[in-house]
Structure formats: C-alpha cells, structure tokens
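Observations on the three-dimensional arrangement
Residue-level listing of the chains:
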Amino acid sequence: MTNWVRAHTNIALIKYWGKANDDLILPKNNSLSLTLDAFYTDTKVTFDQCLETDLLYLNGQQQNLAALDKVKKVLDAVRDKAGIQTRARVDSINYVPTAAGLASSASGLAALAGAASQAAGLDMPFEELSKLARIGSGSASRSIYGGFAEWLKGVDHDTSYAVPVDKADWDIGMLFIIVNDAKKEVSSRDGMKRTVDTSPFYEGWLQSLDGDLSAMKQALKDQDLKRVGQIAERNALKMHATTLGAQPPFTYWTAESMTAMEAVRSLRRQGYTAYFTMDAGPNVKIICRQSQLAELKDLLSEQFAESQLIEARPGPGIRTLDPSEALQEKGD
Ligand code: 2P0
C-alpha cells in the first residue's frame, strides 16, 4: 500500500534546544509548538525488493547520501518493527513558498514516519508515529498533531513523544518575515550541541523552562494572546542568548532580523498584539491575531517586500491523502 501522507510544519513557542541523547534524539526539555497551515510536506514510501539501497527524491530530484541520513533512521526503525529488510524509495514534495528559507525537517520527517509505517503495513497510533518522527528530527515529533502540541522529553525511546494540547481554534496566527533564504552556517543540530557542551548560559536556560512551560499552558487555556506572545518572545530570546555564550560563539540573527524584531515592537507601540519568535535561522515569525494578519501584513509592506511576508494559521495534524487528491494536487 503506497499512499501520500501530508504533515505540516510547526513553530515552537517554547523551544527545544539541546539533546540529552543524540542518537535517540531525547531532548533536554519539553517544548510546545503550533502546527501551521502554510507549510507542509507530502511523502510517499515504496518498499521495493529490487532496490539495493534506499533512495530519496525531494521535489523530484534524487538526493545524495548525506541527505538520506535522517530518512534512513526512520526507515530502519520501521523495517525493524515490521520485520522486513526491503529497501525503500521515498518521494517527498515540500510545499514551502519559494525562497522561504524555512527548515522542512519537522514536516518532512513527520510525513515520512506516517508514509513509511503505512507502506510497511504498520498501523501506528499517533503516539507511536510521534516517537518514530522524533528519531528522524526532534521537532518532527510535534508535527503529528494539529494545533498546539507538547513534546514530553521522557527518559527513553518509549517515553519521549508529543501529545496534543489545544486545537488552536481561536484567534491566533503567525506572520512570517523572511529576511534571508541563504543556507545557515551552523545547523540547528550542531548549534544546539555546541551550546549544550560549551555555553555557561545553558544551565540558566534549562532552569527557566518549567516556569515558561506552565505559564504558556495556562495562557493557552485562557486563550490570552498577549501572554502567549510575551512568554514565547522571552523564551526565544533566552534560547538565542545561549548561543552567544558558546565556544566558539555564534548567532542566527542578522541585521535584518533585528530590523524585523524592531518592526514588531513598533506594531506593539501602535497597539497591536504582536510578538516575535525565531528559530535556528534569521527569519522572524510574528505571533498575532489571525483576524489581523492582513492588516499587519499591509502595515509591514511599507518596510518589507510582499514576497517576504507570509501569513500562516493553525494547521491540521498528519493525514493520508486520498488518491484522487494526491493526483489532482500534483497535476499528474
Ligand atoms: C524548535 N528548533 O523547538 C527548535 C527551536 C530550532 C530552534 O527543533 O537535531 O531540526 O533534527 O532534532 O528538530 C530545530 O531542530 O533538530 C528545532 P534535530 P531539529 O523548533
């Protein structure tokens, strides 16, 4: 059975930054994210007796061995569970606006977990899919669910997975300011490792997380956007502060990132509920009211090009596309 499976990307409001176990991808802390409608990956896996190695095609282009690394980990885990040795062909299509410069590992590895388990005949509940996605890429564990999800750090493979927190069916959205689409100098994987190993600020970051997480959950329960934004913005700033203490030090910020952050502060001064978050790259994401996305985009278009501004709303969890839908959307 080979179906296309779709998973959407997510942006963390409480960040995952650092691993307790590099191989299993167990995080040092729980994290909490919002899955978004704007960016997603469709993936199909075909186990084929004729193949001698696993193959990965991304947007129709065959990928080299290095790109297969994360994919192979998920495929091996599926083969192990299904008791098969067969190699697989993975076809994956990323629906990320061109030049967005956004990482697709969350949606990509989540879609792969769904597609590979189905292709191997495994019927895995979401919790198991989340674990499987996690061993490909940590943040992918959260992309199994729509709305808000929390990745519980756990202590081993069986206890580290994401759970749904809230459907996000209220007035919350995100506006992306794409400031740079260049490939980053320090990958998130290397960046978090360097920070854990060398930054004296890392302990302080870890100690502040329980407080951030419980405050965030209460703010979500109250549907209090202002508090959600305040907690998320501060959490992101704290995460980025740890990288400045690393050896050698590094930052994902560019001058344009700071311009974008200042633009968000300016929106606040004008009375809008708008807060920013940033990940392992220079782009800035504004947490705002879904009902004000167009208005904010309009205001920011005085400072940024139309193509730099992308609206996103809460998105759905992982799902299997029905064949007509997959064919129709791919136009073949
Ligand atoms: C997050 N990031 O919570 C954090 C915030 C980046 C900054 O998850 O090594 O691609 O594959 O587990 O999931 C990016 O890291 O890293 C990330 P791996 P991943 O969204």
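Quick caveat, the model's predicted, so the values are computed rather than measured.

Quick word on the site of the ligand
Contacts to the ligand come from 17 residues, most closely from Tyr16, Lys19, Ser137, Ser139 and Arg189. Here Ser105 contributes a side-chain N or O atom positioned 3.1 Å from an oxygen atom of the ligand. Within the backbone of Gly138, an N or O atom sits 2.7 Å from an oxygen atom of the ligand. Calculation on the ligand without its partners gives an accessible area of 470 Å², and the protein chains cover 94% of this total. Residue contributions to the shell around the ligand peak at 3 residues, all from helix 4 (residues 188-198). Residue classes in the shell around the ligand are distributed as 6 nonpolar, 5 polar and 6 charged. Each of domain 1 (4-169 + 321-330) and domain 2 (173-312) contributes no fewer than three residues to the shell around the ligand.

Some words on the sheet that holds strand 13 (residues 309-312)
Spatial strand order, 11-12-10-13: 4 strands in an open sheet with antiparallel pairing. Pairing within the sheet leaves two strands with one partner each, and these edge strands are strand 11 (274-278) and strand 13. Going across the sheet, the axis of each strand differs from the next one's by a mean of 25°, ignoring polarity. As paired elements, strand 10 (residues 173-177) and strand 12 (residues 284-288) share 5 bridges and run antiparallel to each other. Residue pairing across strands places Met174 opposite Ile287, the latter belonging to strand 12. In the packing of helix 7 (residues 225-244) onto the sheet, contacts are made with strand 11 and strand 12, and the angle to strand 11 comes to roughly 30°. Contacts between helix 8 (residues 255-269) and the sheet are confined to strand 10, strand 11 and strand 12, with strand 11 contributing the most and set at about 160° to the helix.

Quick notes on the rules
Residues numbered from 1 in each chain as written. Predicted model: local features only at pLDDT ≥ 70, side-chain atom pairs only at ≥ 80, totals over all residues. Heavy atoms only, no water. Near = heavy atom within 4 Å. Polar contact = N/O pair within 3.5 Å; in protein donor to acceptor, adjacent residues only side chain to side chain. Areas by Shrake-Rupley, 256 points an atom, 1.4 Å probe, with all protein chains shown as cover. Helix = DSSP H or I, 4+ residues; strand = E, 2+ residues; numbered from the N terminus. Nonpolar A, V, L, I, M, F, W, Y, C, P; charged D, E, K, R; others polar. Domains from an automatic or database assignment. Pairing = 2+ DSSP bridges. Axes fitted to C-alpha atoms, helices over the stretch in contact; angles between N-to-C directions. Contact = heavy atoms within 4.5 Å.

Honestly, it's all geometry; don't read function into it.
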